[in-house]
Amino acid sequence: MGYFFKGLISSIFLLAATATAQNTSYWQQHVDYTMVVDMDVETFQYTGTQKLVYTNNSPDELTRVYYHLYFNAFQPGSEMNARLESIADPDGRMISEQKTSRITPLTESEMGYLHVANLKQDGADAIFTEEGTVLVVDLAKPIPAGGKTTFEMEFKGQVPVQIRRSGRNNKDGVALSMSQWYPKLAEYDFEGWHADPYIAREFHGVWGDFDVKLTLDKKYTVGGTGYLQNPQDIGHGYEEPGTKVNQQKGKTLTWHFKAPMVHDFMWAADPEYVHDTLKMENGTMLHFFYKDDAKYKDTWTKVQPLTEKAMLFFNKNVGEYPYEQYSVIQGGDGGMEYAMATLITGGDKPGSVIGTMIHELAHSWFQHVLATNEAKHEWMDEGFTSF
């Protein structure tokens, strides 16, 4: 099967290369995010600033941009909730035992939200309107084809009780599963803007570099996308073995992550995380984060060498993994891939966790390297990964 699989993938890439060679007008947008975020672990509310340098590589002048505000889906009255209440949803995890939407009964302190307080474009005020899970921005000045502009904003959010993938206090007791948590610029490509309201489950993103500082209670261990820039100031299993950690005084720590050329940024945090590492022979560092509970220890010990084995298989049969780290994290629900990491729940059934890990790891090639629009072309993402 390995030779067939390798030949299949080679054929696909050859077709893609041929198409690209014939299409000399190919382009893709680029984003550079710098974010500084403060999380209150008692209220599950957070504030942040975001500086975004946007490069318009398209042949079009842009007079408007759009941001996704995904957490607004997890509140009564949202379009996602209306869908769950109106039609049969194939995903039973979003439906209560009473066969109704789990979003409907959320109280004001339990629901999610993400709001932009102000937004400037190159120092001038931009006009913006929040429409559910989408922020519509009329630009202060057009972005010409090939031009750059800088957006600066302040935002605030509340992490919803875990309903689907993102959220707080999931069924495994993980405090924070922070996926789709920040104002995320929508993709603009040859088909136009992909500013779809968040009603279902899949995503599309813009390639770019992320520089993120997260400040929260120092008892919490954080794992996710990117490379930690200040491990000796943090500890929590990131420091060089046998070296001294120089944690800042006070009740909080500021974690500084950088992630080059990714199209998303996820993180998770819990005060009871065990943080194990495994360095592969090729230098890739594998991180594992799971609850410090005896019922999870066996599974999360077994999953570690098998993650390396799966990584080596994909490196050989698909292509070399292009990043320096990958994290397998207990959090969210089920399993979901993100840049350099996955969120996986459970631990009392090793086969389920290991199988999910392999599936989500495969997405690191078929979604987080090829970056197809998984909301529109599911077969390219789930199809190859499942195969």
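Worth saying up front: this structure is predicted, and the values here are computed from it rather than measured.

A. Region of interest: helix α5 (residues 350-366). For α5, with 17 residues, the first-to-last C-alpha span of 25 Å sits near the 24 Å given by 1.5 Å per residue. Considered for burial, the residues of α5 that qualify are Val353, Ile354, Thr356, Met357, Glu360, Leu361, Ala362, His363, Ser364, Trp365 and Phe366.

B. Quick peek at the environment of Glu308. On the secondary structure map, Glu308 appears in helix α4 (residues 294-317). Residues Glu308 and Gly283, 25 residues apart in the sequence, show an inter-C-alpha distance of 11 Å. Beyond its immediate stretch of four places on either side in the chain, Glu308 contacts Leu278, Met280, Glu281 and Leu286.

C. Summary view of the side chain of His368. Here His368 lies in the loop between α5 and α6 (378-386). Setting aside residues up to four positions removed in sequence, His368 forms contacts with Trp207, His263, Asp264, Tyr323, Glu337, Tyr338, Ala339 and His363.

D. Seen up close, the pairing of strand β4 (residues 113-121). In terms of strand pairing, β4 meets strand β8 (residues 148-158) through eight bridges, oriented antiparallel. Of the residues in β8, the one forming a bridge with Leu119 is Met153. In the sheet, β4 pairs with strand β5 (residues 124-125) via two bridges, with the strands oriented antiparallel. Note that in β5 the partner of Lys120 across the bridge is Asp125. The loop that links β4 with its antiparallel partner β5 comprises two residues; one of these, Asp122, has a positive phi angle of about 50°.

E. Fine view of the nonpolar core. Judged by nonpolar contacts, the single largest core of 107 residues is most densely connected at Leu176, Trp181, Leu216 and Trp267. Excluding residues within four positions of it along the chain, Leu176 makes contact with Met39, Val41, Phe44, Val159, Gly167, Leu216, Trp267, Ala268 and Ala269.

F. Layout of the pattern of salt bridges. Enumeration according to the criterion identifies 12 salt bridges in this entry. For Lys184, the salt bridge identified is with Asp264, shortest N-O distance 3.7 Å. Residue Lys184 is located in strand β11 (residues 184-185), and its partner Asp264 is located in the loop between β17 (252-262) and β18 (267-270); the two are separated by 80 residues in the primary sequence. Like Asp264, Lys184 is buried. One salt bridge connects Glu272 with Lys291, and the closest N-O pair in it is separated by 3.0 Å. You can see Glu272 sitting in the loop between β18 and β19 (273-279) and its partner Lys291 sitting in strand β20 (residues 285-291), a full 19 residues away along the chain. For Glu272, a relative accessible area of 43% puts it in the partly exposed group.

G. Here's a closer look at the layout of surface pockets. The space that makes up the second largest pocket amounts to roughly 430 Å³. As for the second largest pocket, its lining consists of 19 residues, and the residues nearest its centre are Pro231, Tyr238, Glu240, Met285 and His287. Listing elements by their share of the lining of the second largest pocket, those giving two or more residues are β16 (227-228), β19, β20 and β21 (325-330). Class assignment for the residues of the lining of the second largest pocket results in seven nonpolar, eight polar and four charged.

H. Molecular detail of the environment of Gln162. Structurally, Gln162 can be placed in the loop between β8 and β9 (167-168). Under the relative-accessibility criterion, Gln162 is labelled buried at 7%. Along the backbone, Gln162 and Met94 are 68 residues apart, and their C-alpha atoms lie at a distance of 9.7 Å. In this view, Gln162 contacts Arg102, Gly167, Arg168, Asn170, Gly332 and Asp333; residues no more than four positions away in its chain are not counted. A polar atom in the side chain of Gln162 sits 3.3 Å from the side chain of Asp333.

I. Just empty space enclosed by the protein, in detail. Inspection of the entire model under this criterion finds one cavity of 30 Å³ or more. In this structure, the largest cavity occupies an estimated 50 Å³ of space. Taken together, the residues of the lining of the largest cavity break down into two nonpolar, six polar and four charged.

J. Seen up close, the confidence of the model for the chain. Residues of the chain with pLDDT of at least 70 account for 94%, and the chain-wide mean is 92. Low pLDDT (under 50) marks residues 1-11, which in the prediction has 11 contacts with non-local residues, meaning those over four places away or in another chain.

K. Structural context of the packing of α4 against α5. Taken N-terminus to C-terminus, the directions of α4 and α5 make an angle of 30°; their axes are 9 Å apart at the nearest point. Here α4 runs over α5; the crossing is right-handed. Judged by residue contacts, Asp298, Thr299, Trp300, Lys302, Val303, Leu306, Thr307, Ala310, Met311, Phe314 and Asn315 of α4 engage Pro350, Val353, Ile354, Met357, Ile358, Leu361, Ala362 and Trp365 from α5. Looking at the contact of α4 with α5 residue by residue, the class counts come to 14 nonpolar, three polar and two charged.

Calculation criteria
- Residues numbered from 1 in each chain as written.
- Predicted model: local features only at pLDDT ≥ 70, side-chain atom pairs only at ≥ 80, totals over all residues.
- Heavy atoms only, no water.
- Helix = DSSP H or I, 4+ residues; strand = E, 2+ residues; numbered from the N terminus.
- Expected span 1.5 Å × (residues − 1).
- Buried < 20%, exposed > 50% of the residue type's maximum accessible area, 1.4 Å probe, protein only.
- Contact = heavy atoms within 4.5 Å.
- Pairing = 2+ DSSP bridges.
- Core = buried A, V, L, I, M, F, W, Y, C linked by side-chain atoms within 4.5 Å.
- Salt bridge = Lys/Arg side-chain N within 4 Å of Asp/Glu carboxyl O.
- 1 Å grid on protein atoms, 1.4 Å probe; cavity = no way out; pocket = protein on both sides within 12 Å on 5 of 7 lines; lining within 4 Å.
- Points joined across faces, edges and corners; volume = space filled by probe spheres on them.
- Nonpolar A, V, L, I, M, F, W, Y, C, P; charged D, E, K, R; others polar.
- Polar contact = N/O pair within 3.5 Å; in protein donor to acceptor, adjacent residues only side chain to side chain.
- pLDDT = per-residue confidence, 0-100.
- Axes fitted to C-alpha atoms, helices over the stretch in contact; angles between N-to-C directions.
- Left-handed = near helix turned anticlockwise from the far one by under 90°.

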